[in-house]
Each structure stands twice: as structure tokens, then as C-alpha cells.
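Residues per chain are reported as follows:
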Amino acid sequence: MKLKDFIVREAVVPVLEAGDRDGAIRELVTSLAKAGAIGNDAVEPILAALIKREQTGSTGFGKGVAVPHVKHASVKQMVGTVGRSVGGIDFAALDHQPVYSIFLLLSPENQPQQHLQAMNIVFTNLQDDMFRKFLRQSETREAIVELLDEADQGK
Amino acid sequence: MEIKKGIGVSPGVVISTAVVLDAEDLLIPRRSVPPEQAPAEIERLSAAITQANEDLGKLRDRVTAEVGKEIGAIFDFHIGVLRDQSVIKQIRNEISSNSVTAEYATSVVMRKYANTLLQLNDKYLSDRVKDVYDIEKRLLRLLIGQKHEDLLHLSRDVVVIAHDLLPSQTAALNRQHVKGFATDVGGRTSHTAIVARAMGIPAVVGLGNITSEVSGGDTVIIDGARGVVIVNPDREQLEEHQEAGRKFDLMETELRQDAPLPAQTRDGHQVSLLANIEFPEDIDDSLLFGGEGIGLYRTEFLYLASEHEPSEEEHYSAYADALRRLEGRPLVIRTLDLGADKYTQEKAQNPERNPFLGDRSIRMCLHDIPMFKRQLRAIMRASTLGDVRVMFPMICTLLELRQAKMVLNDVMEELEDEGINFRRDIPVGMMVEVPSAALMAGQFAKEVNFFSIGTNDLIQYTLAVDRTNEKVAGLFCPAHPSVLALVRDVIRAGRRNGISVSICGEMAGDPLYTLLLLGLELNIFSMNAPDLPEVKKIIRSTTMEHARLVARRVMSFESERQVMHFLREETRKIIPEVF
Amino acid sequence: MCRGAGEAQNEVRDSFSLNIMSRASRETSIRNTLGLHARPAMQFVDVANQFSSRVTVYKGGDEPAEADGKSVMQMIILAATEGTPLKIEAEGEDAQQAVDKLAELVEDKFGEE
């Protein structure tokens, strides 16, 4: 599986406006809806589920990245997107540091294998110091997409 | 009759038949024959030699044709030896004078030659030793045929003689019938030593060339306390050692009788004594020796014992087996702690320059989440079958611990989604074995349910010593005041934060340190099963008051020597026969 | 009784049979840098086996030893290094030819170098 199999390019947000966790997640979900990846009426329920999941346990893995994710009935096909924060967002991350890069992942309810694979790809890339650094420095949608493509080829 | 001296690494005396492991695990099934069968054995020998010559001739011709005369010529020596009448005569004599099988005679004679060649101070000639072993192997294969034994399917008690024992070999042997080990290389901390101590069987390592002195079928005495191996002993030696063996067994039986007694000091303070295991089968002995549960289940052998990474089912099956044997007693499972050993390094594409400090253990797991999750899933599924606790090894930063816990949480989420049962409140702990964790024990204690101090690695990292390096292994010492200070502080941090602290390193099973650890308020000791009785005896013979006094004195000392001397004295006072 | 050429040849009449046992010997030394390793040892044995006589090789020097000239194992265990004195002895019908051919082989450095 490759990142391009589920990351929706048009929904990538190179500069997040929100400075708080819930706002940033909302921005990303809305972006996916605008790109047609999820239905407009699915935004609120999915958002609620994501925030509930964050409250159970932060997906801020440390080192400035977070991977909010959820499995939901309104999701027909696995989709994801990337958001970048310039100023950093408090995600109650494991290392108590701000988050600068967010990978959002939405999966249908009954495809656990796919979901796992996608999470693994995202994690593997995020473990790479260089990848994280470049992601943080990518200022436009094109730059981010290019980085993802390179990562796909490298793996 | 040969007496060989090596390093005794696991006490006890055993007198048994030897099986010799070569690289292909070829064992000699039988040694003696009735004298009237000798001519038949000589016939078998001739047939094997003729066949071997034929095979070698064909092989040489083919190789010469395909690759060249130079390469084909390497078989000339083999052919030359097989045609050497004096060699053949030697083997025949061995058969008829000693009434032995053709394979035994072949092995004895070829190994004698190998030995002779080794003694010559000529590197080129000692290279021929490999050829001699090859010839031996070729003949043995022809003589023994397909029906050769392997270590898993033994039908009688044996002792295993080998150059060295790999985890893959010890993992695949019949624990019922293997009664002792003797190896050419190795030291106190080599794999052979560890497994022998865990199995409670005698072992001697570092013998130099025991494999060329022993043939499969020989009678061998292994005295693991004195570090002596006797090959084909005479009657006097047999009797002497049988007596020593009897005494040792008696002592063991006495100690074992105390097994059901509680691990309680004379002034009523109760501690827990648990066992360390590598396989579920070890649990039986652990309980026999008085263990109340398992303080450390080293899961590495699931990975080492086979060619492939164990599947979730294979993990689950092992954990379920372990819990069944424990009948409700606790089981602490340590997640994969591999990577720095030469076995994984040999297989690696890019071997690390310092694997000891490299991508191993929890770090390796966090770099391979799918693999990590496989083990965690199995552990969580098994959590409904008994009292399971999970423990992360080699944690050195808070972030690592939190990431590991996060992965565990993910696993719980997945299982929930799949409708599989598990125990959400499973106790989650960590090994305190890296100095950073020990020094920050106070912070770590707030994020786990329990600590287990891995003194083996903690000592290595703190004193910067590789205990498997014979040149510096002497520096490795649990009694070093710095180590004792760390241990004391970790125990304190645990108590202050209301979490339990155990020690699962060798220090916990060493009777020399029992008084001290008791006095430092350690409540849980986890050790190899055979060490349990003695530790329990010491605990039952002392009072907390005395132990605390001992600890206070010890913590004021400056050197390991002082510490060890004092502890020896104090322990002898309560149990004179312990050292 | 005929006396042939060569050093120290004797004839011994075996009184229990009609065979004439010849004995011959030659003294020489190893010329090869690498000494009598496996390959020359095998060559030696191959040549010795061309003759019916019994062949014995005596090694001189610090650690004298002897070996059956037709046994490759015994010959390499001799561990004869460069310069080691050797006495090649043969007993049998073709004893003289045997020691001559063998000494030649040794002095020829076994075709090496």
C-alpha cells in the first residue's frame, strides 16, 4: 500500500488556520468534505468521533506529529489527508510538545486490514527523521504532495 | 580415559552417554557390538569406503569438468586418505580389538587424526583438519544412513557435547533426556551456561577441543561445579562421581522439600519468590522448586527457535500453555528483547557496529509496529486466561514508554472493534535496566504499574562492561556500590509511588545478595528455578531487622570487595553451608 | 650374488623362501619452501604406490619420526618442513627403483616453484 492510495491531494492543508486541536481536526475533515471524499452530512458525526478518540488517548505520538484516526459508518472508502501547522498545536502529545504535522485517517467500519496497513505506512514514514523535517518545511500543497510521492517511491 | 578441565558454569554431576553435535547435528547411535559381530562391522566399513571412493571420484570428475582441474583437486586429499591403507587398518583394528560399530571406530580414529593434526604447529596442516572431519562425516553418513537421531527425538538420557550451542539448538532439544552439556568454547555468561542453569543440569564450557576427544557413544562424566569432564572413566572415577552425584541430589531434594513453605522472614515479613523462564515447560520445575509464579517470561526463544518470525497464533499458543500450567498464578510477559546478540546480527543486512547500544529490543519493536502488535495482540488475547502482566524491556526515555503504551492501546482498540475479549486493566510495567531509567525512576514510576530491575544489563551499562568479553568480565559485579545505589533508589522510587518493584536479573537468585536485597526493602525476587530453594532458605532464616542492618552497613562501603566479603560473612552466620 | 649400482644396497637371502629381498635407501632433504604439505605428500604416495616394495620415510632433525611412504596421512603428519633431512628406504623387488624415483621427486621440489 502506498500513501497515494488514500491521501486525498486536494484536501491537503499546507497552512492550518486553527491554533487548537479540535479546530485543526475540523479544518482537515471539512477539507476532505470539500474535496468530495466524504459526504457533507458526515462531517459533524465524524468530527465528534475523532475528538472523542483524542480524548480517550492522544494520537500525538511525539516529535511534533499526530495521527488522529477513526473508523466510521459514514466513510465508504478509506481516505486521509495531511495538515501542517506553522505555530504548533497542543495535542496533549506524549512528549508534551506541540504538534506541527497532522495525518488524518478515516476508514470504513469493516476493513480492519486496510486500516492497519494505512496506519503502518503513515507511522513508518513518520518515524523517519528526514521525512518529518521535510514535511514541516513544505510550505505548499505541491511540496507536501511531492514529499509523499518521494516517500512512496523510496519505500 | 581422558580428564579435561574447563569452566564449570552449572553445578551438578552427571554420568551419561555422549552425543556429539557437529555442524550438521549428526549423532552416532550405537557404540558396542558383541565380539562375533566385529567381522560384519568390518564388512560395513569396507562397503562404505568403496562407496565413498566412488562418490568422491565422480564428484572430482564432475567438478573438474565443470569448473577446472584446480578446484577438482581439492578432493584429491579426501580420496588419498580413503585409499590410505594404514588409516583403514587403524579403523579395522579399532573395530576388532574393542568390539565397536564401524561408525564409532571411524569417528574415534578420524578424531584422533584430527587431534594430531591440530597439535602440529603448522597452520597449513591444521587446515587439513576440516578435511578429516569431512571424510569422517562422509563415511558416517554412508554407515548410518538416513536413520540418524536428532536432539529432539532422543530415546535415552544423554549429555550433549558440542563446539558451542546455539539458541536454535537448545530450543530444539528434548529436555527430558538431555542431562548435561560440555562445549569447546564459551564462558560463564554464554548461552550454554544460561540454558544449563535454567534447566538445572550440569555444564562445563571452554574445554578447548572436547569435541575431538569424545565420540558419540562414549561414557562421559560432567562435573559442573568443578569444571571437569572425564571421558570413558575407569571404575574408580565412576564410583567417586556417583557418590558426588548422590550427595548433590540429596541436597537438592532437601531443598525442594521446603518448596511449599512461605518465603517469610522469622519476624513475619513476607516476600514473593518468582521464577524466570524461557519456555512454558520451565514452569513445571519453577513450581516444583517453590516459585509462586513467573516474574519474567523471556519471549525471545519464540523468535530464535525457528527461521521465521512467530505468528500471532504461535505467540498465543505459548502464552496459553504457560497460563494453563500456572493455574492462576501470575505471569509477567516481557515483550521482544532481541537484537544485540550475534544471532540476529549475523542475519542482518547491515550489521550494526555496536548492536549492544543499537536498534534492539523496544526500539526495534517501535520501528516495526506490525511485528510489535502481533506479540501484543497475543498477550492481550491471553489476558483472559489468567493473571497476565506485560512488561517493556530496555526503556530509556519517557517518550519510548508512552509510545509503547500507545501501541498497546491501539491493539486494545483493534481487538475491541473485532469483538475479541481481553482484560483492559492489564498491569503494564517496564524493565529498569538502562541507567537513564534508573536515575529517573521517580518519573517513570508514575506511568507504569510495576518495575522490574534487570540487573544483568543495568550492571553492564553502568560499569560499561561486556560481561561476555572474557578479558573484562571480571569487572562485572553486582556488588559495585554504584549499582547498589541505583537498585536502592529504584526500589525507593517504586515504594514512594505505590508500585511494586522486582528484580529479575541474576542478582536476585544469587544467595550472596539475598540479605542485602531484603534489607533494601525488595519484596519480589525472580530467578532461575534451581536458585529458589537456597534464596528461600536464607529468607526464612533471617529477620527484617537483621537484613536492614546488613543493608545499611553495605551501603556505606566503598568497594565491591568489601561488600562481598561482608555479605559472605553475614550470610554464613545464618546458613553456614551456603558457600 | 650380484651387486648393483647405488648406495648401500644389500641382498638378504630369506632362508624360508626363495624370494630375494632387496633393500635400498637414499638420503635427501625437503627443498620446498612450504614443506611437505598435502599436495606433495599425495604425489609422493602416488609414486610410492607404483612400486611393490615397502617404503619407509625417516625424518631427521629435532623431532625424528618415521612414516609409511604409501600412507598419505602418515606422510603429512610427518610435518617435514623446508630443509628437513629425509631418509627414504624401500624393501622389496624394486627397492632401488623406488628410492631413486622418490628421491628424484623430492629433489625436484615436487614440481613446485
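Presented here is a report on the structure given in the accompanying data block. (Residues numbered from 1 in each chain as written. Chains lettered and ligands numbered in written order. Predicted model: local features only at pLDDT ≥ 70, side-chain atom pairs only at ≥ 80, totals over all residues.)

**Regarding the overall build of chain B**
Here is step 1: The secondary structure content of chain B amounts to 25 helices and 16 strands.
Here is step 2: For chain B, buried positions account for 46% of its 579 residues. (Helix = DSSP H or I, 4+ residues; strand = E, 2+ residues; numbered from the N terminus. Buried ≥ 20, exposed ≤ 12 C-beta atoms within 10 Å, placed from the backbone.)

**Comments concerning the sheet that holds strand 14 (residues 450-453) of chain B**
Residue and element names in this part refer to chain B.
Here is step 1: The strand order 9-10-11-12-13-14-15-16 describes a closed barrel built from eight strands, whose pairing is parallel. Here the average twist between neighbouring strands, direction ignored, is 25°.
Here is step 2: Pairing geometry for strand 14 and strand 15 (residues 500-503), over four bridges, is parallel. When the bridges of strand 15 are listed, S452 appears paired with S502. (Pairing = 2+ DSSP bridges. Axes fitted to C-alpha atoms, helices over the stretch in contact; angles between N-to-C directions.)

**Description of the interface of chain C and chain B**
Here is step 1: Listed per partner, the contact involves 14 residues of chain C and 16 residues of chain B.
Here is step 2: The element that contributes the greatest number of residues to the side of chain C that touches chain B is helix 2 (residues 72-77) of chain C, accounting for five residues.
Here is step 3: In terms of residue class, the side of chain C that touches chain B is built from nine nonpolar, three polar and two charged. (Contact = placed C-beta atoms within 7 Å. Nonpolar A, V, L, I, M, F, W, Y, C, P; charged D, E, K, R; others polar.)

**Quick notes on helix 3 (residues 74-82) of chain B**
Here is step 1: By the burial criterion, the buried members of helix 3 of chain B are F75, F77, H78, G80, V81 and L82 of chain B.
Here is step 2: Check the buried side of helix 3 of chain B and you find it contacts helix 1 (38-66), helix 2 (69-72), helix 4 (85-98) and helix 6 (123-144) of chain B together with helix 1 (38-48) and helix 2 of chain C.

**Details of the packing of helix 13 (residues 312-326) of chain B against helix 16 (residues 369-382) of chain B**
To describe two helices that pack against each other, one gives the angle between their axes and the distance between the axes.
Residue and element names in this part refer to chain B.
Here is step 1: Two numbers describe how helix 13 lies on helix 16: the axes approach to 8 Å, and their chain directions differ by 35°. Between helix 13 and helix 16 lies a crossing whose hand is right-handed. Here helix 13 contributes E312, H315, Y316, Y319, A320 and L323 to the contact with helix 16, which in turn contributes R374, Q375, R377, A378, I379, R381 and A382.
Here is step 2: By residue class, the composition of the contact of helix 13 with helix 16 is seven nonpolar, two polar and four charged. (Left-handed = near helix turned anticlockwise from the far one by under 90°.)

**With respect to the pairing of strand 9 (residues 272-277) of chain B**
Residues and elements named next belong to chain B.
Here is step 1: For strand 9, the tally of buried residues reaches five of six residues, placing the bulk of the element in the interior.
Here is step 2: Where strand 9 lies against strand 16 (residues 524-527), four bridges are found, and the strand directions are parallel. Within strand 16, the residue paired with L274 across the bridge is S526.

**Thoughts on the nonpolar core**
Here is step 1: Grouped together as the largest cluster of nonpolar side chains are 138 residues, with contacts concentrated most on I294, M430, V490 and F525 of chain B.
Here is step 2: In this structure, M430 of chain B is in contact with M391, F392, I395, L401, F444, V448 and F451 of chain B, ignoring residues within four places of it in sequence.
Here is step 3: Counting 58 residues, the second-largest nonpolar core is a separate cluster that includes Y113 and L117 of chain B together with I30 and M75 of chain C. (Core = buried A, V, L, I, M, F, W, Y, C linked by C-beta atoms within 7 Å.)

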